[in-house]
Each structure stands twice: as C-alpha cells, then as structure tokens.
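Structural overview for review
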Amino acid sequence: RHKQLRDLVNKGFTPRAIKELAPRIQEITEQLISNVLDQGEMKMIDDMAMPLPVIVIADLLGVPAEDREKFKVWSDILVKGVEDPQPEVYEAVKREQEDVHQQLKEYLSYILERRRFHPQDDIISSLLSAEIDGNKLTETEILDFSILLLAAGNETTTNLITNGVRLMTEIPDIQRQAKSDLSLIPSMVEEVLRYYSPVQAPSRIAKQDIELQGESIKKGDIVVAWVGSANRDEAKFPAANTFQIDRKPNQHLSFGKGIHFCLGAPLARLEAQIAFEKMFTHFTNIRLKEAAQIKRTPAPQMFGVVEFPITFSL
C-alpha cells in the first residue's frame, strides 16, 4: 500500500514535473532578492530561505497567498524540538503539535472540498482524481500527505539554503569558485547536503532482529540513523572533513535511502540551486553580519540556525 501511494504521489515530483516549476521558483527568488537589494544586508532565513520553500509548497497545495505566513507558523511547530529535555516539556510540545495537526486538517479540508468541485492545477486536485486499483484515495490519505509535504519540505530546504550561505561565509573560496563558474552550483549543493546535512538523525523501526557491529537490535526497536556522521565517513568520502565544491562521486545520505528516499529531493535541489545562482548573480562579498550571534535550532534531528544575517556588495 505504501508503494502504491508513493508511486501515485511521485507523479507530481518527477524530474520533468519539477523542471516545469523552475520559472516560478526563479520569479519568487528574484522578488525576494529585490526586496533587500538596496539594503546591503539581509536576514537569510526571514528574507529568503524560509519564504521560498513555503511559497512553493503553498502554490503546490493551492494555498492562497494571504495564508502563507500562517502556513509557516504551522510548519515550524510540526518539526519543533525541545531545548529542555524534561517529560513535561516534551508533553507540552506534543500537545502543541497535535493542535496544529488538527488545525491544518480543518484548513486543508476546506481547500479539498473546493477542489472537489472546482479542480485546479495543484497537488490536491491531482490526488482527488487519482486512483489505485480502481479506488480513489480517501480524504484522510490526501490530507495526511499534504501535511507531510508541508512539514518535510519546509524547514529542511530552509536549512539547506541557509547552511550553504553559512559555508560561503566560513569558506569564502566557495563564493569565488561558484561565482566564476555557475556550472559548479549543482555539485556545490550536493556537497552542502553532505557537509552540513540539514537532517542529521532520522529515526527508523527495525523490521527484524539483527546483529550490527557487535550490537544487538531487536525487531520493533527504534533506531536513530546518524546521517550527519555517515556523511563524514572517511571510508566513503576522501578528505571527509574538507568541503570540496566539485566532489564526485558524492553518495551522501541526506535524502535517505530505499523505500523512504525523499520524494521532494528534486524540488529541494532545484530551490537551492536557483537561490544560490541568483545570489551569485546579484551579490558579491557575502559575509556574516558583524557581531551577529548565531543560535542553533533546538530540534536535535535537524542542523540549522534560528537566523543568519548577512551583508553583501553589489
């Protein structure tokens, strides 16, 4: 059933389907840059890395422009972590996430009903008309996927773009190389994904008993897969702790592997590539703003920052 659902949803995320989104992503990115162009500085997350994926996902789901900020708030809560590892803190965050999940279901149900009678060129309309073995998807299946898309495709891409800009400021040679040769940007994105993995530690459930490097894992055990560590494995990546803009091959695990490989990988790659290309086209000398205090996001499974203010020259 999972494979049937995944194959169905994957039709909206084929390389061809994603390529058709490029002009719209370029338009959004240009607008976001134009908003700060004459200021010489920007808040990387608030001004670009957050609104770009939110607007794209909102467009895909058919969400009106006036509701995008609300969507961002909901998305942040869905992937929220805790700084104080106390049971009552976990419970409070869990209740907050359950409330948001319900609010999202109610909101998306309203859009779903409108699309049932007036289909448009968006994912909800496509899922409403789709069939598996002659059966339509249930409303719950459509709503659950839409919420998953929002949660999975927002902060991860925000972190990818911000982590890339962070690396540009930490290793200025990245800017020089990519700006002088924009064809390096796709491999640069892959190396950002490996070097500063946006998702550090996804969880999985063991399907069977297994012995792994002297450790016993039982069927049903929850396993934390430290992708951030695997992506720095010296046995797999020569000079693993060195950022190489043209690294090939680069078989990182930042999008997962197997039946749960990230559906949105082509979209995340495209958004990051366009964001970096537009920045290199308009900006030079990208730097972390002087005296900026950088705070890590509290979600332990993610690798990102709360904000990353930069300055630039034209």
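In the block above lies the structure referred to throughout.
Attention here is on the structure that accompanies the text. Keep in mind the model is a prediction, meaning the values are calculated, not measured.

A look at the overall build of the protein chain
A tally of helices and strands in the protein chain yields 13 helices and nine strands. For a compact globule of 314 residues, the expected C-alpha radius of gyration is about 20 Å, and the protein chain comes in at 20 Å, within 12% of that figure. Dimensions of the protein chain, computed from the C-alpha atoms along their principal axes, are close to 55 × 55 × 40 Å. When each of the 314 residues of the protein chain is scored for burial, the buried share is 45%.

Here we look at the packing of helix 5 (residues 51–61) against helix 6 (residues 68–78)
Closest axis-to-axis distance for the helix 5/helix 6 pair is 10 Å, and the angle between their directions is 105°. Between helix 5 and helix 6, the crossing angle belongs to the class labelled roughly perpendicular. Two secondary-structure elements touch here, helix 5 through V54, I55, A58, D59 and L61 and helix 6 through R68, F71 and K72. Looking at the contact of helix 5 with helix 6, its residues break down into five nonpolar, no polar and three charged.

Notes on the pattern of salt bridges
The full count for this structure, using the stated rule, is 16 salt bridges. The partner of K3 in a salt bridge is D7, with the nearest N and O atoms 2.7 Å apart. Of the two residues, K3 and D7 are both situated in helix 1 (residues 2–10); the distance of four residues between them amounts to about one turn of the helix. What makes K3 exposed here is its relative accessible area of 58%. A salt bridge links R116 to E113; the shortest N-O distance between them is 3.0 Å. Of this pair, R116 and E113 both sit in helix 7 (residues 87–117), three residues apart, which is roughly one turn of that helix. Since its relative accessible area comes to 33%, E113 is described here as partly exposed. Each of R24, E27 and D59 takes part in salt bridges that share partners, so that together they form one network.

Structural notes on the sheet that holds strand 8 (residues 284–288)
Pairing is antiparallel across the open sheet formed by three strands, whose spatial order is 1-9-8. The strands lining the two open edges of the sheet, one partner per strand, are strand 1 (41–43) and strand 8. Mean inter-strand twist for the sheet, computed between neighbouring axes without regard to direction, equals 25°. Bridging between strand 8 and strand 9 (residues 309–313) involves three bridges; their strand directions are antiparallel. Residue pairing for strand 9: R287 is matched across the bridge by T311. Helix 9 (residues 139–170) contacts strand 8 and strand 9 of the sheet and is inclined by roughly 100° relative to strand 8.

Rules behind the numbers
Residues numbered from 1 in each chain as written. Predicted model: local features only at pLDDT ≥ 70, side-chain atom pairs only at ≥ 80, totals over all residues. Heavy atoms only, no water. Helix = DSSP H or I, 4+ residues; strand = E, 2+ residues; numbered from the N terminus. Rg over C-alpha atoms; globule rule 2.2 N^0.38 Å. Buried < 20%, exposed > 50% of the residue type's maximum accessible area, 1.4 Å probe, protein only. Axes fitted to C-alpha atoms, helices over the stretch in contact; angles between N-to-C directions. Parallel < 35°, antiparallel > 145°, perpendicular 65-115°, else oblique. Contact = heavy atoms within 4.5 Å. Nonpolar A, V, L, I, M, F, W, Y, C, P; charged D, E, K, R; others polar. Salt bridge = Lys/Arg side-chain N within 4 Å of Asp/Glu carboxyl O. Pairing = 2+ DSSP bridges.

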